[in-house]
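# Inside the fold
Residue strings, one per chain:
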Amino acid sequence: PNDVHVRKILTKTGAGGYDLGLSSGGKVSFILNGNSAQSVQSATSYPADGSTWMHVAATFDGNTATVYVNGQPNGSRNLPGIAIGSNTNALHIGAL
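First, a word on what this report is: a plain description of the structure on this page. Just so you know, these numbers come straight off a predicted model, no measurement behind them.

It is worth spelling out the sheet that holds strand 5 (residues 56-60) at this point. Strand order in this open sheet of three strands is 5-6-7, and the pairing throughout is antiparallel. The outermost strands of the open sheet, each flanked by one partner alone, are strand 5 and strand 7 (72-78). Taken pair by pair, the neighbouring strands of this sheet meet at an average axis angle of 15°, ignoring direction.

Encoded structure:
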């Protein structure tokens, strides 16, 4: 992006959903179950010069949510007792 803004990369909204995107604070954000209390952000800010690419990914193993930037862990948070549910909402891929 060429600015710091909220952008969705991958999202399945609502309870039982998940969201990988860019936050207004300049971080990569991974939110579970549509609940910001069940989220993790990257430690470093994403580039906002409009020309620098980066690869982002996120995982959740049932206990720990981790954000990866350019193949390296860049933020994690323990979320024991959390489960990603299911819902019938559409899965959206791409910057929304």
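Most often, soluble globular proteins keep nonpolar side chains buried together rather than apart. If you look at the biggest cluster of nonpolar residues, it comprises 12 residues: Leu20, Leu22, Val28, Phe30, Leu32, Val40, Tyr46, Val56, Ala65, Val67, Val69 and Leu79. The set of elements that each furnish at least two residues to this core consists of strand 2 (18-22), strand 3 (27-32) and strand 6 (64-69).

This part covers the pairing of strand 3. Consecutive side chains of a regular strand alternate in pointing toward one face of the sheet and then the other. Counting buried residues along strand 3, six of its six residues qualify, which places the element largely inside the surrounding structure. Alternating residues of strand 3 divide into Lys27, Ser29 and Ile31 and Val28, Phe30 and Leu32, and every residue in both groups is buried. Examined bridge by bridge, strand 2 and strand 3 share five bridges and lie antiparallel to one another. Directly across from Asp19, in strand 3, lies its bridge partner Ile31.

Examined against the element boundaries, Ser29 turns out to sit in strand 3. Once residues lying within four places of it in the same chain are set aside, the contact partners of Ser29 are Asp19, Leu20, Gly21, Ser23, Val40 and Gln41.

What follows is about the pattern of salt bridges. Side chains that differ in sign of charge can pair as their charged atoms come close. By the definition in use, this model includes one salt bridge. We note a salt bridge from Lys8 to Asp19, for which the minimum N-O separation is 3.3 Å. With Lys8 in strand 1 (residues 7-12) and Asp19 in strand 2, the pair connects residues that are 11 residues apart, well separated along the chain. A relative accessible area of 9% means that Asp19 is categorised as buried.

Bringing the sheet that holds strand 2 into the picture now. With respect to topology, five strands assemble into an open sheet ordered 4-3-2-1-8, the strand pairing being antiparallel. In the strand order of this sheet, the two ends are held by strand 4 (35-45) and strand 8 (92-93), each with one partner.

Turning our eyes to something else, we now look at unusual backbone geometry. The phi dihedral of Asn33 is positive, around 55°, even though this residue is not glycine. The residue Asn33 is located in the loop between strand 3 and strand 4 in this model. Phi angles above zero are rare outside glycine, and Asn70 is one such case at about 50°. For Asn70, the location among the structural elements is in the loop between strand 6 and strand 7.

This next bit is on the side chain of Ser42. Inspection of the secondary structure puts Ser42 in strand 4. A distance of 2.7 Å separates the side chain of Ser42 from the backbone oxygen of Thr44, its partner in a polar contact. Those residues in contact with Ser42 that sit more than four places away from it in its chain are Lys27, Val28, Val67, Val69 and Asn74.

Conventions adopted
- Residues numbered from 1 in each chain as written.
- Predicted model: local features only at pLDDT ≥ 70, side-chain atom pairs only at ≥ 80, totals over all residues.
- Heavy atoms only, no water.
- Pairing = 2+ DSSP bridges.
- Helix = DSSP H or I, 4+ residues; strand = E, 2+ residues; numbered from the N terminus.
- Axes fitted to C-alpha atoms, helices over the stretch in contact; angles between N-to-C directions.
- Core = buried A, V, L, I, M, F, W, Y, C linked by side-chain atoms within 4.5 Å.
- Buried < 20%, exposed > 50% of the residue type's maximum accessible area, 1.4 Å probe, protein only.
- Contact = heavy atoms within 4.5 Å.
- Salt bridge = Lys/Arg side-chain N within 4 Å of Asp/Glu carboxyl O.
- Polar contact = N/O pair within 3.5 Å; in protein donor to acceptor, adjacent residues only side chain to side chain.

By themselves, these observations are geometric and do not establish any function.
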